[in-house]
Structures are given as structure tokens and as C-alpha cells.
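Results of the structural survey
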Amino acid sequence: MPAHLSKKFRLSLALASAAVIATLVTACGGSSSSAPSEDNSYGLIQPGTVRVASVGDLKPYAFADAQGNFTGFDVELFKDVAKRAGVDNVVFTGQDFSAILPAVANGQFDVGVAAIGITDKRKETVDFSSGYLAGYLTVLTTKDSGIKGVEDLAGKRLGVVQGTLQEAYAVKNFTTASLVRFPDNNSAIAAVNSGSADADFLDYEAAKDYTEQHGLVSVADIPSFDAPAGFALAKDKTALKEALNKALAEAMEDGTWKTLYQKWFPGSPMPEQYLPKAEQT
Ligand code: SNW
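Below you will find a few notes about this structure.

Here is what the cut-offs are and how they apply
Residues numbered from 1 in each chain as written. Predicted model: local features only at pLDDT ≥ 70, side-chain atom pairs only at ≥ 80, totals over all residues. Heavy atoms only, no water. Helix = DSSP H or I, 4+ residues; strand = E, 2+ residues; numbered from the N terminus. Expected span 1.5 Å × (residues − 1). Buried < 20%, exposed > 50% of the residue type's maximum accessible area, 1.4 Å probe, protein only. Pairing = 2+ DSSP bridges. Contact = heavy atoms within 4.5 Å. Axes fitted to C-alpha atoms, helices over the stretch in contact; angles between N-to-C directions. Phe/Tyr/Trp six-rings, centres within 6.5 Å; stacked < 30°, edge-to-face > 60°.

Section: helix 3 (residues 73-84)
In this model helix 3 runs 17 Å from its N-terminal to its C-terminal C-alpha over 12 residues, within 8% of the 16 Å that 1.5 Å per residue would give. Of the positions making up helix 3, those classed as buried are Phe 73, Asp 74, Val 75, Leu 77, Phe 78, Val 81 and Ala 82. Immediately downstream of helix 3, the backbone of Gly 86 shows phi near 100°, a positive value.

In C-alpha cells:
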């Protein structure tokens, strides 16, 4: 900028170019924040609001805090992604896990968010976004249960939450254990603490949290990388799915995913596939 131009003139030039840029960005569709809620091209139950079925007791993935507000890794990631897709208003409702996919499939909710692993079986009834988290299924027990690994589960009462991958895995692989099905994680953990179940089979990070809270011990981690968690949607919500996928990719590429991972899963090994491309080896 030539030195002789007045301060005032320079300021107005700067403002004018900012305005031009803003107009260009809007015209090029760089911001999709108003259109979808106005024309409801996402097919939301209530235009401008995304209604999410979740669970209230899967800390640190998805849980209700002391004030009853939903939070956790999956919840914060979903809110970020929904906002990028142009929907600021996200309403979470807690369900039993087994109720989430049926409710999403029949249109009672727009999306299901609760560390829901993507499997072919589940794809028979619902559609999924791209995967955003892949980890382990963990067996948790008390210090004095005598269970040191999966080989000790024979004849033991193993708790699982109904409808989870843990239930399906246990039915197939822990055939000598006697399965006890629970509607939610809190009741499964309460059963372990009271002795009415010998162990509980749940998601790795939730198990980690309960180990610290109740002095329980983790005795086995089973990889579930072939079923990464995704956001579940009804099969006819293609526009919403595409917008969420685009937003998810952006949240991974700009480091938002990584920041949330470090916030909610401190100390856990960092998977590479969701990091910005420059940080992948
Ligand atoms: O398959 C894993 C995935 O790799 C990641 O570790 C997050 O959890 C999973 O999606 C498995 N989650 C269970 C499921 O999908 C339980 C979810 C729950 O209890 N809400 O059935």
C-alpha cells in the first residue's frame, strides 16, 4: 500500500475488499448455513433442528452431565459437524441403546449418536455416516472375581447392554459364559458392584472411566476396528448424510477431531486415520 494514502482511505479499501470476499464466499456456496434449514432439503423432522437419539450413560462418548446436558466425545463431535452442515440446533434425547436404531429407522429421530459401530447387520435397517472412531470392546470385573482373562469367563455371569456389539460378540465367542442382558451401562455396572454379575463387557473408554470410578479392573480388550462408530440415519436421509460426511472430513482435516479426542480420551493411543492428512505417516 503506497505510504501517501490516508489512513481513512486504507481502512475503507480494507473494508471494501472484506465485503467483496464475503460476497464471493456466499455466492460460491462456501456457507450452507441458511439454505438447508429454510428449504429442509435435509428432510429433518423439524426444519432447522436435528433431533438426536443417544444414551445418557456412556461416558466419555455420550452422557448427560449433572445438569442433564448431553456431552462427551461423540456429542461434541456431532454438534460441531451439524453446525458445519448448517444446523445449529441439536437436541439430544437419551434412550436405551437397543431403542436407538429402530427409532432412527422409523423417523422418530433424525440421527443416532452413541458410539454406534457400523456393521452390515445394522445397515439392513439404517444408513451410516463415515466412521469417526475405532477402538476396543473391554471386559471389566472386580479385583477379586478371579477373572484374569476371557478364558476365565466360563460359568461366569457376564453383563452386556442389549443390542450392542458386545452382546453379539459374547453370544458368538463367550459361549460358556452366562450372559446377563441390561438395558443400559449404569445398571450393568451396578450389577457388577453388587455382585449380581461377575463382569461387564462394554466399550473401552467407558470401561476406563468406570475403572477409575469404582476400582474395577479391565481384563481383556477386543479390537473392534472393523466396526468404527458412525452417525446412524434413516436410509432416505441422503442429503443429510452427504452434508455430515463433508463436515466430518473437514473436522478431521482441520484438527477439530484430534482436539476432541485428546480432550475426552486423554492418554489413549491416537489413531492416525482421522488426523489431518499432513499428520498421517
Ligand atoms: O465398534 C466400536 C468402535 O470401534 C469404537 O470403539 C466405538 O465403539 C464401537 O462402536 C462399539 N460400540 C458398541 C456398539 O456399537 C456399544 C455402544 C453403546 O454402548 N452405546 O454396539
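Concerning the sheet that holds strand 6 (residues 111-112)
Here we have 5 strands laid out as an open sheet, ordered 5-1-6-13-7, and mixed in their pairing. Either end of the sheet is taken by a strand with one partner, and the two such strands are strand 5 (89-94) and strand 7 (127-128). Where helix 3 meets the sheet, its contacts fall on strand 1 (49-54), strand 5 and strand 6, and the angle it forms with strand 5 comes to roughly 150°.

Here we look at the packing of aromatic side chains
For the coordinates displayed, the defined rule picks out 18 aromatic pairs. Between the aromatic rings of Phe 63 and Trp 264, the centroid separation amounts to 5.8 Å while the plane-to-plane angle is 75°, which identifies the pairing as edge-to-face. Here Phe 63, found in strand 3 (residues 62-64), pairs with Trp 264, found in helix 10 (residues 256-264); they are 201 residues apart in sequence, far enough to count as distant. Residue Phe 63 is classed as buried on the basis of its relative accessible area, which comes to 9%. Residue Trp 264 is classed as buried on the basis of its relative accessible area, which comes to 16%. On the numbers, 5.9 Å between centres and 85° between planes, the contact of Phe 73 with Trp 257 is edge-to-face. Of the two residues, Phe 73 is situated in helix 3 and Trp 257 in helix 10; the sequence distance between them amounts to 184 residues. Just as Phe 73 is buried, Trp 257 falls in that class too. An aromatic cluster is present here, built from Tyr 61, Phe 70, Phe 73, Phe 78, Phe 92, Tyr 132, Phe 231, Trp 257, Tyr 261, Phe 265 and Tyr 274 joined pairwise through their rings.

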